[in-house]
Amino acid sequence: MAQRVQGTEDLYGGYMRAWQRMQDVAREVFGTYGFDMIETPAIEQVATFVHGIGESTDVVRKEMFRVFSGALVENLLAKGSEQGLKAKQRLALRPEGTAGVVRAAVQNNMVPQGSAPAKLWYAGPMFRGERPQKGRLRQFHQVGVEWLGAPDPASDAECIIMLMRFFERLGFDPKSLRLCINSMGDAACRPAYRDKVRTFILDHAGEMCADCLERAELNPLRAFDCKNAHCREVMAEAPLAPDNLCDECDQHYEQVKRYLDEAGIRYEEDPTLVRGLDYYTRTVFEVEVVGSGVGAIGGGGRYDGLMELEGGKPTPGLGFAVGFERIVLALQAQGVDLGGKPEGCVYVACTPDVRPQVFGVALALRDAGLRVEADHQGRSLKSQFKQADKLGALVCVVLGTDEVAAGMATLRDMRTHEQVQVAQADLASTVAERMA
Ligand code: HAM
């Protein structure tokens with residue numbers, strides 16, 4: 001039997017309905033904040049991710065799935081290396097949505113100088129070559145937003161509030177959500193802070209793991225995220241980002257917190273929250289469901305330098321993304337079934353002699369916008385009713401010899417089992433009323 005790739009899932013039935021429901025809630029909630037949907041390709045030039053996410057991040061170095069056409073692979077095998085490939089031949093499946101959306105905003109000039117900001121949201125599959133485990137997949141689905149052209153700390157707060165409202169609308173118990181925030185500084189103050197952390201790690205070189213020593217050179221702030229308990233103990237004494245902000249960043253952070261307080265949003269400041277993508281500046285945030293064991297269900301932050309890194313004009317921006325699969329797991333643990341039941345349907349049942357009439361009746365009901373099921377296997381009337389029950393039909397239309405001769409049909413309410421006779425001409429409107 002053909003097998004799914006490890007760390008990927010098939011979305012169907014209730015799981016598919018959950019994915020669609022999440023997009024419906026996103027459209028509703030993000031729409032109230034003025035966001036429109038965008039869809040960018042799942043495949044981009046490697047350079048788009050290297051510029052944006054950062055060459056030294058795990059996502060770019062270790063997790064990105066590279067894409068080569070068959071012809072290119074033959075060529076590479078013949079040459080024995082990918083040296084000499086042009087930028088447009090170096091492709092990857094997107095590990096996240098931000099870099100591609102920002103690339104699209106630059107390429108399509110979505111934020112011309114002096115114009116209104118671009119407010120975009122997206123939903124789709126992302127790909128990371130991670131070791132698969134509960135809540136960690138190689139193909140997973142994100143819903144995300146990117147807000148380009150927004151420098152104001154009120155936009156950081158609005159973004160975070162929008163995220164929390166989204167989680168509440170999905171059905172999370174608000175008390176179970178833990179929102180952590182931090183400020184990572186900007187181009188003015190972060191380089192000096194990075195150097196401080198690098199020096200700290202090197203001063204404690206004997207106590208830290210080999211990965212952290214490598215991080216000291218490449219990306220020292222990632223040492224705060226080391227899985228090794230001893231490294232974490234050492235890093236607890238390391239210099240913290242909020243203590244090393246320049247005045248502008250400090251004021252920005254203070255104002256973000258003031259807006260969150262004003263909106264009554266509960267948050268915890270986590271001065272070690274650094275996130276795994278290099279493009280962040282100033283505010284960063286992450287949300288987890290306490291006790292769910294699935295890791296962060298969403299995260300994001302500000303990235304004031306990213307538009308420039310993707311070749312655009314300096315344009316401040318910010319956004320977040322949430323993980324569909326983790327959200328479903330965490331909601332299930334709270335007894336919430338995001339997918340819910342399929343939409344109720346109408347079942348058109350008949351006695352064998354009038355079977356040809358079902359075709360036209362079903363067609364008319366469908367044209368009236370109803371979800372209609374009928375038998376195509378020559379079942380008895382009794383097993384048609386059973387089938388209707390199994391499909392969750394709310395109403396059954398029953399066609400028998402006498403009804404058809406009189407231009408009538410029997411309507412059977414599947415919940416109350418009440419039956420009424422209805423003229424076939426009035427069938428669609430009467431059924432629609434019952435379904436409502
Ligand atoms: P991220 O924190 O890497 O941020 O991913 C966002 C969310 O995607 C995570 O909180 C998690 O729920 C989910 N996720 C990430 N990796 C996996 C995985 N391997 N399996 C299942 N779920 C996963 C970003 O991607 C940024 N682009 C967010 C952003 C948008 N920042 C600014 N704008």
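Residues numbered from 1 in each chain as written. Predicted model: local features only at pLDDT ≥ 70, side-chain atom pairs only at ≥ 80, totals over all residues. Heavy atoms only, no water.

Now for the packing of aromatic side chains. Within this structure, the stated rule accounts for ten aromatic pairs. Arranged with centres 5.3 Å apart and planes meeting at 35°, the rings of tyrosine 15 and phenylalanine 324 form a pair that is tilted. Taken together, the residues span a long stretch of sequence, with tyrosine 15 in helix 1 (residues 13-32) and phenylalanine 324 in helix 12 (residues 324-333) at a distance of 309 residues. What makes phenylalanine 324 buried here is its relative accessible area of 0%. Measuring from ring centre to ring centre gives 4.8 Å for tyrosine 279 and tyrosine 280, while their planes differ by 65°; the resulting arrangement is edge-to-face. Per residue, the accessibility class of tyrosine 279 equals that of tyrosine 280, and both read buried. Taken together, Phe30, Trp121, Phe166, Phe167, Phe172 and Phe320 form an aromatic cluster joined through their ring pairs. One Lys or Arg, lysine 257, reaches over the ring of tyrosine 253 and ends 4.2 Å from the middle of that ring. The ring of phenylalanine 385 is capped by arginine 412, whose NZ or CZ atom sits 4.7 Å from the centre of that ring. (Phe/Tyr/Trp six-rings, centres within 6.5 Å; stacked < 30°, edge-to-face > 60°. Helix = DSSP H or I, 4+ residues; strand = E, 2+ residues; numbered from the N terminus. Buried < 20%, exposed > 50% of the residue type's maximum accessible area, 1.4 Å probe, protein only. Lys NZ or Arg CZ within 6 Å of the ring centre and 35° of its normal.)

Its 14 residues place the ends of helix 7 (residues 190-203) 20 Å apart at the C-alpha level, agreeing with the 20 Å of an ideal helix rising 1.5 Å per residue. Buried residues of helix 7: Arg190, Tyr193, Val197, Arg198, Phe200 and Ile201, and no others. Angular distribution of buried residues about the axis of helix 7 spans 160°; they occupy a single face of the element. Close packing links the buried residues of helix 7 with helix 8 (210-218) and helix 9 (229-235). (Expected span 1.5 Å × (residues − 1). Arc of directions from axis to C-beta. Contact = heavy atoms within 4.5 Å.)

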